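So the chains spell out like this:
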Amino acid sequence: MIKFDVPTKEEVSEKNKELFTGLEKSIGNVPNLYATMAYSDNALSKYMVFQNSPSSLNIKEKEAINLVVSQVNGCRYCLSAHTLIAKMNGFSDEEVLKIRKGNASDLKLNALVEFAKAVTETKGRVTEHVLNTFFDAGYTKGNMIDVIFQIGDKIISNYLHNLTNVPIDFPLAPQLD
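The following paragraphs examine the structure supplied in this document. (Residues numbered from 1 in each chain as written. Predicted model: local features only at pLDDT ≥ 70, side-chain atom pairs only at ≥ 80, totals over all residues. Heavy atoms only, no water.)

1. Regarding the side chain of Asp 153
Logical step 1: Checked against the element boundaries, Asp 153 lands in helix α9 (residues 141-164).
Logical step 2: Setting aside its immediate chain neighbours within four residues, Asp 153 contacts Tyr 47, Phe 50 and Gln 51. (Helix = DSSP H or I, 4+ residues; strand = E, 2+ residues; numbered from the N terminus. Contact = heavy atoms within 4.5 Å.)

This is the structure:
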């Protein structure tokens with residue numbers, strides 16, 4: 001398999017150098033997966049705009065989606081990153097593991113997690129029961145669209161890591177039993 005090294009700031013385009021500087025200022029470093037996007041002159045900027053666009057979902061809902069989608073797609077990098085981010089946003093270790101398994105303690109969040117997992121596993125062909133449970137939990141059609149976009153965001157990074165296998169620069173998320 002072709003080896004992907006993590007590009008350094010000196011190895012990327014001028015446009016990506018500016019993005020690296022912005023990331024270093026805002027979060028303290030350039031995560032390896034973001035740096036890998038800089039093999040392309042356009043991918044990192046597109047991804048950052050996409051990832052940071054407004055959503056009707058709150059941060060905990062987005063992190064729950066990130067966790068369950070990354071679990072379905074088997075992306076250890078994203079599981080590690082989003083385990084850390086989820087805990088920074090109030091999830092316990094136990095809740096993170098539960099979400100990765102496709103459930104949540106909170107009924108509304110559980111409907112969201114089950115929906116996101118089903119969408120990912122079935123490529124959008126969920127059962128009527130899963131869809132009704134999502135809407136019955138209080139989510140709207142607009143929320144559904146935002147869930148799909150959040151899943152798309154995570155699929156991009158999951159697939160990119162699964163293909164490049166760049167080193168994980170976050171504390172490793174535990175494997176599920």
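2. Side note on helix α4 (residues 59-72)
Logical step 1: Taking 1.5 Å per residue, 14 residues should reach 20 Å; α4 reaches 20 Å between its end C-alpha atoms and fits that length.
Logical step 2: Of all 14 residues in α4, 10 are buried; the element is thus mostly enclosed.
Logical step 3: Turning to α4, its buried residues number three or more, namely Glu 61, Lys 62, Glu 63, Ala 64, Ile 65, Asn 66, Leu 67, Val 68, Val 69 and Ser 70.
Logical step 4: Buried residues along α4 sit against α5 (76-88), α6 (93-100), α7 (107-122) and α9.
Logical step 5: One side-chain oxygen of the residue at the start of α4 lies 3.0 Å from the amide nitrogen of Lys 60, identifying that residue as Asn 58.
Logical step 6: Following α4 by one or two positions, Gly 74 adopts a phi angle in the positive range, close to 65°. (Expected span 1.5 Å × (residues − 1). Buried < 20%, exposed > 50% of the residue type's maximum accessible area, 1.4 Å probe, protein only. Polar contact = N/O pair within 3.5 Å; in protein donor to acceptor, adjacent residues only side chain to side chain.)

3. Some thoughts on the environment of Asn 29
Logical step 1: As for its position among the elements, Asn 29 is in the loop between α1 (14-27) and α2 (32-37).
Logical step 2: Apart from residues no more than four positions distant in its own chain, Asn 29 is found in contact with Leu 23, Glu 24 and Asp 169.

4. Focus: α7
Logical step 1: Taking 1.5 Å of rise per residue, 16 residues should cover 22 Å, and α7 covers 22 Å from first to last C-alpha, within 8% of that figure.
Logical step 2: By the burial criterion, the buried members of α7 are Leu 109, Asn 110, Ala 111, Leu 112, Val 113, Phe 115, Ala 116, Ala 118, Val 119 and Thr 120.
Logical step 3: Backbone geometry just after α7 places Lys 123 at a positive phi near 55°.

5. Some points on the environment of Tyr 34
Logical step 1: Here Tyr 34 is to be found in helix α2.
Logical step 2: For Tyr 34 and Leu 44, which are 10 residues apart along the polypeptide, the C-alpha to C-alpha distance reads 6.5 Å.
Logical step 3: Residue contacts for Tyr 34: discarding those within four places in its chain leaves Leu 23, Leu 44, Tyr 47, Met 48 and Gln 51.
Logical step 4: Among the polar contacts made by the side chain of Tyr 34, one reaches the side chain of Gln 51 at a distance of 2.2 Å.

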